[in-house]
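Examining the three-dimensional arrangement
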Amino acid sequence: MDRNHLFDGLSGKYLFQEVKLRVDLFRQFHNEKRCIFLGIGDTTQPLCNSISQAIIQTGDDLATAHGYRGYGPEQGIIELRSAIQKKLYQSMPHISEEDIFISDGAKCDIQRMHLLCGEKLFVAVQDPSYPAYKDSSLLLRKKIPLSLPIFSKEKQHLDIDLNSLPNGSLIFLCHPNNPTGTLFSREQLSSFIKIATQKEHIIIFDVAYRDYIEGDHLRSIYEISGADEVAIEIGSFSKSAGLSGIRLGWSIVPKKLRYSDGTSIQSDYLRLIGTTFNGASYISQQAGIAALSDIGRKESLEQVQVYKENIKILKAAFHGKKAKVFGGSHAPYLWIATHFKKSWEAFDYFLHSAYIVTTPGIGFGEAGEGFLRLSGFSSKDDAIEASERIAALDI
Ligand code: MLT
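Residues numbered from 1 in each chain as written. Predicted model: local features only at pLDDT ≥ 70, side-chain atom pairs only at ≥ 80, totals over all residues. Heavy atoms only, no water.

**Quick notes on the site of the ligand**
Neighbouring the ligand are Phe16, Ile40, Gly41, Tyr130, Asn178, Tyr209, Lys239, Tyr333 and Arg373. Tyr130 has a polar side-chain atom sitting 2.8 Å from an oxygen atom of the ligand. Within the complex, 84% of the 260 Å² of free accessible area of the ligand lies under protein. In terms of residue class, the shell around the ligand is made up of five nonpolar, two polar and two charged. (Near = heavy atom within 4 Å. Polar contact = N/O pair within 3.5 Å; in protein donor to acceptor, adjacent residues only side chain to side chain. Areas by Shrake-Rupley, 256 points an atom, 1.4 Å probe, with all protein chains shown as cover. Nonpolar A, V, L, I, M, F, W, Y, C, P; charged D, E, K, R; others polar.)

**Notes on empty space enclosed by the protein**
Here the structure, examined in full by the defined rule, presents two cavities of 30 Å³ or more. Taken as a whole, the largest cavity spans an internal volume of roughly 90 Å³. For the largest cavity, the lining is made up of 14 residues, of which Asp211, Ser236, Ser240, Trp250 and Arg297 are closest to its centre. At the level of elements, helix 7 (238–241), helix 9 (282–292) and helix 10 (294–316) are the ones that each hand at least two residues to the lining of the largest cavity. Split into classes, the residues belonging to the lining of the largest cavity amount to eight nonpolar, three polar and three charged. As a volume, the second largest cavity reaches approximately 30 Å³. Around the second largest cavity, the lining residues are Glu74, Phe101, Ile102, Ser103, Asp109, Arg112, Tyr269, Ile273 and Phe277. (1 Å grid on protein atoms, 1.4 Å probe; cavity = no way out; pocket = protein on both sides within 12 Å on 5 of 7 lines; lining within 4 Å. Points joined across faces, edges and corners; volume = space filled by probe spheres on them. Helix = DSSP H or I, 4+ residues; strand = E, 2+ residues; numbered from the N terminus.)

**A short note on the sheet that holds strand 4 (residues 146–149)**
Paired through their backbone hydrogen bonds, the strands of a sheet run either parallel or antiparallel. Ordered in space as 2-8-7-6-5-3-4, the seven strands form an open sheet in which the pairing is mixed. Strands at the two margins of the open sheet, each flanked by one partner only, are strand 2 (100–103) and strand 4. Averaged over all neighbouring strand pairs, the angle between strand axes comes to 20 degrees, with direction disregarded. Across the sheet, helix 4 (residues 106–114) lies against strand 2, strand 3 (123–127), strand 5 (170–174), strand 6 (202–206), strand 7 (231–236) and strand 8 (249–252), angled at about 155 degrees from strand 7, the strand it touches most. Across the sheet, helix 8 (residues 265–276) is in contact with strand 2, strand 6 and strand 8; its angle to strand 2 comes to roughly 25 degrees. (Pairing = 2+ DSSP bridges. Axes fitted to C-alpha atoms, helices over the stretch in contact; angles between N-to-C directions. Contact = heavy atoms within 4.5 Å.)

**With respect to helix 5 (residues 131–141)**
Every buried residue belonging to helix 5 is among Pro131, Ala132, Tyr133, Ser136, Ser137, Leu138 and Arg141, and all of these are buried. Considering only its buried residues, helix 5 is in contact with helix 1 (15–29), helix 4, strand 3, strand 5 and strand 6. Two residues or fewer past helix 5, Lys142 is found with a positive phi of approximately 65 degrees. (Buried < 20%, exposed > 50% of the residue type's maximum accessible area, 1.4 Å probe, protein only.)

**Considering the layout of surface pockets**
Of the volumes computed, that of the largest pocket is approximately 590 Å³. What lines the largest pocket is a set of 26 residues, and nearest its centre among them are Lys134, Asp135, Ile362, Gly363 and Gly365. If you list the elements that add at least two residues to the lining of the largest pocket, you get helix 1, strand 3, helix 5 and strand 4. Among the elements that take part in the lining of the largest pocket, helix 5 stands out by supplying four residues, more than any other. Within the lining of the largest pocket, the residues separate by chemical class into 13 nonpolar, seven polar and six charged.

**Structural notes on unusual backbone geometry**
Here the amide bond leading from His175 into Pro176 is cis, since omega sits at -5 degrees, within 30 degrees of zero. Relative to the helices and strands, Pro176 is located in the loop between strand 5 and helix 6 (186–199). Looking along the chain, the bond that leaves Asn178 and enters Pro179 is cis, with omega of 15 degrees. In the Ramachandran plot, Lys142 falls in the positive-phi region, its phi being about 65 degrees despite a non-glycine side chain.

**A few points about the packing of helix 1 against helix 11 (residues 343–354)**
The N-to-C vectors of helix 1 and helix 11 enclose an angle of 40 degrees; their axes lie 12 Å apart at closest approach. Accordingly, the angle class assigned to the pair helix 1 and helix 11 is oblique. For the element pair helix 1 and helix 11, the recorded crossing hand is right-handed. Of helix 11, the residues touching helix 1 (which contributes Glu18, Val19, Arg22, Val23 and Phe26) are Trp344, Phe347, Leu351 and His352. A class-by-class count of the residues in the contact of helix 1 with helix 11 yields six nonpolar, one polar and two charged. (Parallel < 35°, antiparallel > 145°, perpendicular 65-115°, else oblique. Left-handed = near helix turned anticlockwise from the far one by under 90°.)

Written out as structure tokens, the structure is:
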């Protein structure tokens, strides 16, 4: 079989596979001290009781003639779509159950979005960004996406210029921001919606970390008037309810969203998932319903709180250090401007000197060079021990 040469455009390994490889190699020769994993953003706490009970109950139900279920609806079961609308979009009645598409996770939906676009369209990706945006664009759109620098050591806050993009671009943004752990302001997002409307851009707005936001900051792009004409939102149960291994997410593809020829994007999306997807697993969807029940929501948010406390403990460890630290208030990540020119040097320094696994900023894009990302997805004990090890570092 002829090889798909688009793979040549990707780095040899996906970022988190590369990190794992280097850490495994390190541990072969250095097993005198326990490594602490603050690299990939993956949840670590056991499933909360309401979710695990729902999964057990669903398994039992599926084993009965009455409770057995086969294929989907591809768009997801109505009880879950309704729960998402009521619990997460209650103040946005213009977003209805028909606009909500249940998926097997945000990463899979990111790939699907590329399949909606015409051949000539430009894709633009925030830099630094979650690497799946860029890699999937390369594989599915056959071109390197335009890079939108959003954060630099000089500027030190999220900023982006959407005016510079060719008309009708598809733009990937993440809020709260992965990897920088920071937020866009309402004013910035309102201006993005205005520009997107004028220039016929579509924004893919990734809110996988929305439950980490504190206070009155924006949690959905549809809080901004007009966003349902220019934005698709991608959500996830991974970071908010620990379903990263169970796999469950959603996308909002509003009915008002149109291609430049006036046809409906929602109709094509429905057609797309009808062809390529038989719906998220019924068991995962029942887990999602449980996660959104009153008790499930309470238990899940308590877990989120643990990760949020961890990241605050880690942030405090940098007090008095030369390294500048961003994030940590509205997201489970710290974004650290190190004195190292290269992120992989900083990664090695943390690994060799403190036995702490981090993620090098360059893995998230060129604009991440010189930065390091630390995640709060550990146990509290590990966060405390990591903070003691960091306090002893010369950074
Ligand atoms: C990360 O940035 O660590 C990711 O969010 C992990 C993932 O969800 O693939």
